[in-house]
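Read off the chains here:
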Amino acid sequence: MAKKRKLVPEPLLKKATELLDIGVPMSKVIRDQDLDISAPALATLVKYYKQDAAPIYLSLFPEWLDSLVITEQPDNAVYNGYFPLGQWLERK
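This section reports on the structure supplied with the text. For clarity, every value in this text was computed on a predicted model and none was experimentally measured. (Residues numbered from 1 in each chain as written. Predicted model: local features only at pLDDT ≥ 70, side-chain atom pairs only at ≥ 80, totals over all residues. Heavy atoms only, no water.)

Before going further, it helps to examine the overall build of the chain. Secondary structure assignment for the chain yields four helices and four strands. Ordered by position from the N terminus, the helices and strands of the chain form the series β-α-α-α-α-β-β-β. With respect to the three principal axes, the spread of C-alpha positions in the chain is 45 × 25 × 20 Å. When each of the 92 residues of the chain is scored for burial, the buried share is 34%. Across the chain, every contact between residues at least 6 apart in sequence was considered, and the portion connecting residues at least 24 apart equals 60%. (Helix = DSSP H or I, 4+ residues; strand = E, 2+ residues; numbered from the N terminus. Buried < 20%, exposed > 50% of the residue type's maximum accessible area, 1.4 Å probe, protein only. Contact = heavy atoms within 4.5 Å.)

Take a look at the structure:
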């Protein structure tokens, strides 16, 4: 089974993106915002978030994503396709 994906709710990802855009180091953003995510994972999510396209938005912020905390995909969620251009499906 593939490693579960962690996603960052939009308000947290927006704040992290704004801080990074003004030059705050990635490690400081993660530490100060108390984000439970690796720097490479956050950098990838920020890169996709900046693309601002509907299919990407649906991949970054699926229905099951908690709106306040970083959330790991649930056991019944599976990603179909290459992230972020695929789609989240519910495993039956």
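The rest of the description comes next.
On the secondary structure map, Phe61 appears in the loop between helix H4 (54-60) and strand E2 (71-72). Spatially, the C-alpha atoms of Phe61 and Pro9 are 6.7 Å apart, while their sequence positions differ by 52 residues.

Now for the environment of Lys15. Residue placement: Lys15 occurs in helix H1 (residues 10-21). Counting along the chain gives 34 residues from Lys15 to Tyr49, while the straight-line C-alpha distance between them is 11 Å.

Bringing the nonpolar core into the picture now. In terms of nonpolar packing, the biggest core is built from 23 residues, with Leu13, Leu35, Ile37, Leu42, Leu45, Leu60 and Phe83 touching the most fellow members. Of all elements in the fold, only H1, helix H2 (26-32), helix H3 (39-51), H4 and strand E3 (77-80) reach the threshold of two or more residues within this core. No other element matches H3, which puts five residues into this core. With sequence-adjacent residues up to four places away left out, Ile37 is seen in contact with Val8, Ile30, Leu42, Leu45 and Ile70. (Core = buried A, V, L, I, M, F, W, Y, C linked by side-chain atoms within 4.5 Å.)

What follows concerns H1. End to end, H1 covers 16 Å across 12 residues, agreeing with the expected 16 Å (1.5 Å per residue, within 8%). Considering only its buried residues, H1 is in contact with H2, H3 and H4. Directly after H1, the chain includes Gly23, whose backbone phi takes a positive value near 100 degrees. (Expected span 1.5 Å × (residues − 1).)

This brings us to the pattern of salt bridges. Within this structure, the stated rule accounts for four salt bridges. One salt bridge connects Lys4 with Asp75, and the closest N-O pair in it is separated by 2.2 Å. Here Lys4, found in the segment before strand E1 (6-7), pairs with Asp75, found in the loop between E2 and E3; they are 71 residues apart in sequence, far enough to count as distant. Residue Asp36 pairs with Lys6 through a salt bridge whose shortest N-O separation is 3.1 Å. On the criterion of sequence distance, the pair formed by Asp36 in the loop between H2 and H3 and Lys6 in strand E1 is long-range, its members being 30 residues apart. A relative accessible area of 31% places Lys6 in the partly exposed class. (Salt bridge = Lys/Arg side-chain N within 4 Å of Asp/Glu carboxyl O.)

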